[in-house]
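# An overview of the molecular structure
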Amino acid sequence: MNMITNHMPTAELQALDAAHHIHPFSTQDEIANKGVRVITRASGVTLTDSEGCEILDAMAGLWCVNLGYGRDELADVAARQMRELPYYNTFFQTTHVPAIALAAKLAELAPGDLNHVFYAGSGSEANDTNMRMVRTYWAQKGKPEKKIIISRKNAYHGSTMAGASLGGMTPMHEQGGLPIPDVHHIDQPHWYEEGGDMSREEFGLQRAQELEKAILELGEDKIAAFIGEPIQGAGGVVIPPSTYWPEIQRICDKYEILLIADEVICGFGRTGNWFGSQTMGIKPHIMTIAKGLSSGYAPIGGSIVCDEVVEVIGACEFNHGYTYSGHPVAAAVALENLRILEEEGIVDKVREETGPYLKEKWEALEDHPLVGEARVEGLMGTIALTPNKETRAPFAGDSGTVGYICREFCFANNLVMRHVGDRMIISPPLVISKAEIDTLVERATMALDLTFARIKEDGLY
Ligand code: PMP
């Protein structure tokens, strides 16, 4: 077989891809018929594809390239670490310097007494760890019947059996016999779609109180933990009403339920603080981390765990671990990523400069005839497309038809913006400049105009 390189014609790369590569969350037939976009290189916030198109990546890959593409420092650290110690494990009473240094740095950055790190290769694996860890915690405390984990509908916590079970995505549960036992889902704090005539605040409180109802119905003595993303990401960037998290915290405290904040998207500056828990005022016992931890340059995730949980589980052998727990190259890359985020003041810049700038520009999209709401927290944004701004009505027909049309117009205009149903979402690299934010919003506006014209032509509006 010939060498497969960036210089091959796109059609040949697409044909080979269709023949041999199974894509996540994709329909293989559709991919084969349409052909995939082949990304060949990237720098800053810009991707280049095999046709030479330069595309503004308003999703930072999959919400992960917080530092932007093309940082040589990370490549240099990876090469150095591979030469020095490419691999060693952290099982059986051994460790290595990158794992130590990264854990110490994470303990410094994480709030309160979140002082301990269990490493994983991804966010999904970390949530598997969390599920076993909280159950082990209660078993160690003589309460093995405290097993149920309460989560929310439309949450995303990963694709492994535990991750997808903790998540609340019905299409995922329908494949593979999920959720696994002892996971319970309550309703989400999605005011725009489910709030009816209530005020945001009233609705936020009501949805949080579903946790208390579930605890009382299922039995306080059966509940191990509650898990939630500070802001739901894959569910459509659902920014909860201000009343929601304080009430969840009150309920977790009252019933002594462990609180797990899934920071896989919200962590490492996305909301203008190091962690989304700080933005939302939550005090979790465990935080799930991945993605922005290494800005996606190396696969690494983990759980940052509080003193008390570690004291309890530390008394037993926790029969759990991954070959790549604390992988030295990934840990060294993550540490360098954190150094740059900190030294360049990138998180502060999101909070004080680029976040407020994006907010002003993005929220102005509410003037567009198709947009029912446009919201931003830090550098995550969402817009809801609607045929009726007053009633917040969804489009007739299948959810996602109009969102997909808009996504395709974005792509055609060199902007990666994702759609979740008929909602458009963004999560650009945290290094995005104000000028790049202007370009992002211009391209998004163009895609909205084109979508509006198309759906009127097609009789969808
Ligand atoms: N939790 C959240 C909140 C996520 O958004 C994701 C990934 N999108 C995960 C967990 C799973 O992470 P991974 O894909 O690294 O397994």
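Source: prediction; values computed, not measured.

To continue, consider the site of the ligand. What surrounds the ligand is a group of 18 residues, the closest being S122, G123, S124, G158 and V264. The element contributing the most residues to the shell around the ligand is helix α6 (residues 123-140), with three residues.

Attention now goes to the domain arrangement of the chain. Split by domain assignment, the chain resolves into domain 1 (37-70 + 345-457) and domain 2 (73-343). Placing a centre on the C-alpha atoms of domain 1 and another on those of domain 2 gives a separation of 26 Å. Listed per partner, the contact involves 28 residues of domain 1 and 24 residues of domain 2. Of all the elements in the fold, those that place two or more residues in the side of domain 1 that touches domain 2 are α3 (60-63), α15 (346-363), β11 (371-377), β12 (380-385) and β15 (423-426). With five residues, the single largest contributor to the side of domain 1 that touches domain 2 is α15. Class assignment of the residues belonging to the side of domain 1 that touches domain 2 gives a composition of 13 nonpolar, nine polar and six charged.

Moving on to the sheet that holds β12. Taken together, four strands build an open sheet; the order of strands is β11-β12-β15-β14 and the sheet is antiparallel. Only two strands of the sheet have a single partner each, and these edge strands are β11 and β14 (418-420). Pairs of neighbouring strands in the sheet enclose a mean axial angle of 20°, with direction left out of account. Pairing analysis gives six bridges linking β11 to β12, with the strands arranged antiparallel.

Before going further, it helps to spend a moment on the sheet that holds strand β3 (residues 54-57). One open sheet accounts for four strands, arranged β1-β2-β3-β13; its pairing is mixed. Of all the strands in the sheet, the pair left with one neighbour each is β1 (39-43) and β13 (415-416). Judged from the three bridges that link them, strand β2 (residues 46-49) and β3 form a sheet pairing that is antiparallel. Along β3, the bridge assignment pairs T46 with L56.

Here the focus is the packing of helix α16 (residues 401-412) against helix α17 (residues 434-457). Remark: α16 packs on α17, axes separated minimally by 8 Å, with the N-to-C direction vectors making an angle of 130°. In this view, α16 runs oblique relative to α17, as classed from their interaxial angle. Between α16 and α17 lies a crossing whose hand is right-handed. Contact residues: α16 offers V402, I405, C406, F409 and C410, while α17 offers R443, A444, A447, L448, L450, T451, R454 and I455. Per-class residue counts for the contact of α16 with α17 are ten nonpolar, one polar and two charged.

Parameters and conventions
Residues numbered from 1 in each chain as written. Predicted model: local features only at pLDDT ≥ 70, side-chain atom pairs only at ≥ 80, totals over all residues. Near = placed C-beta within 6 Å. Helix = DSSP H or I, 4+ residues; strand = E, 2+ residues; numbered from the N terminus. Domains from an automatic or database assignment. Contact = placed C-beta atoms within 7 Å. Nonpolar A, V, L, I, M, F, W, Y, C, P; charged D, E, K, R; others polar. Pairing = 2+ DSSP bridges. Axes fitted to C-alpha atoms, helices over the stretch in contact; angles between N-to-C directions. Parallel < 35°, antiparallel > 145°, perpendicular 65-115°, else oblique. Left-handed = near helix turned anticlockwise from the far one by under 90°.

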